[in-house]
Amino acid sequence: MTDGILGKAATMEIPIHGNGEARQLPEDDGLEQDLQQVMVSGPNLNETSIVSGGYGGSGDGLIPTGSGRHPSHSTTPSGPGDEVARGIAGEKFDIVKKWGINTYKCTKQLLSERFGRGSRTVDLELELQIELLRETKRKYESVLQLGRALTAHLYSLLQTQHALGDAFADLSQKSPELQEFGYNAETQKLLCKNGETLLGAVNFFVSSINTLVTKTMEDTLMTVKQYEAARLEYDAYRTDLEELSLGPRDAGTRGRLESAQATFQAHRDKYEKLRGDVAIKLKFLEENKIKVMHKQLLLFHNAVSAYFAGNQKQLEQTLQQFNIKLRPPGAEKPSWLEEQ
């Protein structure tokens, strides 16, 4: 009896989805054909279920499921709530089914491209701009990291100069004969004041770079990711349409070909729209980057030059020129410079 069941399963006739014809599938048709059959047709859970090993089952190891499992009980008529629930379940199943088919096609297309068996749509100019953007973002992230390190070092230097100035001031009071303590205390106070001004300029520079990298560039790269996903879907459905076009033409195939053509057109429109969006965002990003960096680099140069030249007036003018307002640490209480 087991040999008979296995013989039937080896050459079982399966109806093709879309027409009433049947064909024989051998045992070793392959994983791809099995996945396609499951994703397109889906498992029919309302017909039969198989008992493992055939022990305890009725007939050839198959037991009926659904309403036939308890024939002695009468079925209760379904109400409006049951109809709504079945409708929602059907919609969810359709969404999962569509997602499964789309995922299968895109995965197949991606693997075909990776192994050199599939064709890929390429916009050379746009791809070059996208790669340039990614490289620019990596370099700006490095500048941002170095700017944050410079801010931390400047803050540590200010704390040290502050403590040193207080120590010199205290010793000048206790050792009147050493007037040099007073001179050094005044020098450290002046250095701290200029250091706070420079720190405010560097903080403004780092904040602007951070906004450019983590918001402006990242927003453009998110659109690029959507564009790349749309490109993969477009190529997947394009390949599917080409394969159907090369196949035999009959009533069932003609219907599937029309459906594939409509799906392909929808993905093509989505791909072209996102390609245009990426091109526009890349153009605006480049203009915004030049505008922002021109201002920030000029600020950084003027502030650092004035600080190390000891030009307090030029340093303050630089902050006024770029409308930077200093907020000293501990905004709740005045800084130690204001207390002197």
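Since the structure is predicted, the reported quantities are computational estimates derived from the model, not experimental observations.

Right, let's get into unusual backbone geometry. Excluding glycine, most residues fall at negative phi; most peptide bonds, likewise, are trans. Located in the positive-phi region is N323, a residue other than glycine, with phi close to 55°. Along the chain, the position of N323 falls in the loop between α7 (312-321) and α8 (336-339).

Moving on, we come to the nonpolar core. If you look at the biggest cluster of nonpolar residues, it comprises 41 residues, and the most contacted ones within it are I130, Y227 and V278. Elements supplying a minimum of two residues to this core: α4 (124-174), α5 (180-246), α6 (251-309) and α7. Considering every element that reaches this core, the biggest residue donor is α5, with 17 residues. With near-sequence residues (within four places) excluded, I130 lies in contact with V224, Y227, E228, V278 and L282.

Here we take up the packing of aromatic side chains. All chains considered together, the criterion is met by six aromatic pairs. Ring centres of Y227 and Y271 lie 5.7 Å apart, and the angle between their planes is 20°; on these two criteria the pair is classed as stacked. Remark: Y271 occurs in helix α6 and Y227 occurs in helix α5; sequence separation between them is 44 residues. Taking the centre distance of 5.0 Å and the plane angle of 85° together, the rings of Y307 and F308 count as edge-to-face. An aromatic cluster is defined as three or more aromatic residues linked by ring pairs; in this entry it consists of Y227, Y234, F264 and Y271.

Bringing α6 into the picture now. Here α6 spans 86 Å end to end across 59 residues, near enough to the 87 Å set by a 1.5 Å rise per residue. Downstream of α6 by a residue or two, G310 has a phi angle that is positive, lying close to 75°.

Look at α4 against α6: their axes get within 12 Å of each other, and the N-to-C directions meet at 30°. Judged on the interaxial angle alone, α6 and α4 are roughly parallel. The way α4 lies across α6 gives a crossing that is left-handed. Touching L126, Q129, I130, L133, T136, Y140, L150 and L157 of α4 are R275, V278, A279, L282, L285, K289, M293, F300 and Y307, all from α6.

Turning to the side chain of R238, a few remarks are in order. Among the structural elements, R238 can be located in helix α5. Its relative accessible area of 13% is what places R238 among the buried residues. Reaching out from R238, the side chain makes a polar contact with the side chain of S119 at a distance of 2.9 Å. In contact with R238, other than residues within four places in its own chain, are S119, R120, T121 and F264.

Reading guide: rules and limits
- One numbering rule holds for all chains: residues counted from 1, following each sequence as written.
- Given that this is a predicted model, residues contribute local features only at a pLDDT of at least 70 and side-chain atom pairs are listed and counted only at 80 or more, while totals for whole chains, interfaces and linings are drawn from all residues.
- Only heavy atoms go into the side-chain values, all of them from the structure, while hydrogens and water stay out.
- Helix and strand labels come from DSSP, where a helix needs a run of H or I of at least four residues and a strand needs a run of E of at least two; each type is numbered from the N terminus.
- Each nonpolar core is a collection of buried residues, namely Ala, Val, Leu, Ile, Met, Phe, Trp, Tyr and Cys, held together in the definition by side-chain atoms within 4.5 Å.
- Burial status follows relative accessibility: with a 1.4 Å probe on protein chains alone, a residue under 20% of its type maximum counts as buried, one over 50% as exposed, and anything between as partly exposed.
- The contact criterion used throughout is that any non-hydrogen atoms of two residues lie within 4.5 Å.
- Ring pairs are drawn from Phe, Tyr and Trp, using the six-membered ring of Trp, whenever the two centres fall within 6.5 Å, and their geometry is named by plane angle: stacked under 30 degrees, edge-to-face over 60, tilted for the rest.
- Take the residue count of a helix, subtract one, and multiply by 1.5 Å to get its expected span.
- Where helices are involved, their axes are fitted lines through C-alpha atoms of the stretch in contact, as for all axes, and angles between N-to-C directions lie from 0 to 180°.
- Should an angle fall under 35 degrees it is called roughly parallel, over 145 degrees roughly antiparallel, and 65 to 115 degrees roughly perpendicular, with every other angle called oblique.
- Each crossing gets its handedness from the near helix: less than a right angle anticlockwise from the far helix is left-handed, clockwise is right-handed.
- Nitrogen and oxygen atoms within 3.5 Å of one another constitute a polar contact, given that in protein one can donate a hydrogen and the other can accept it, and given that sequence-neighbouring residues count only through two side-chain atoms.

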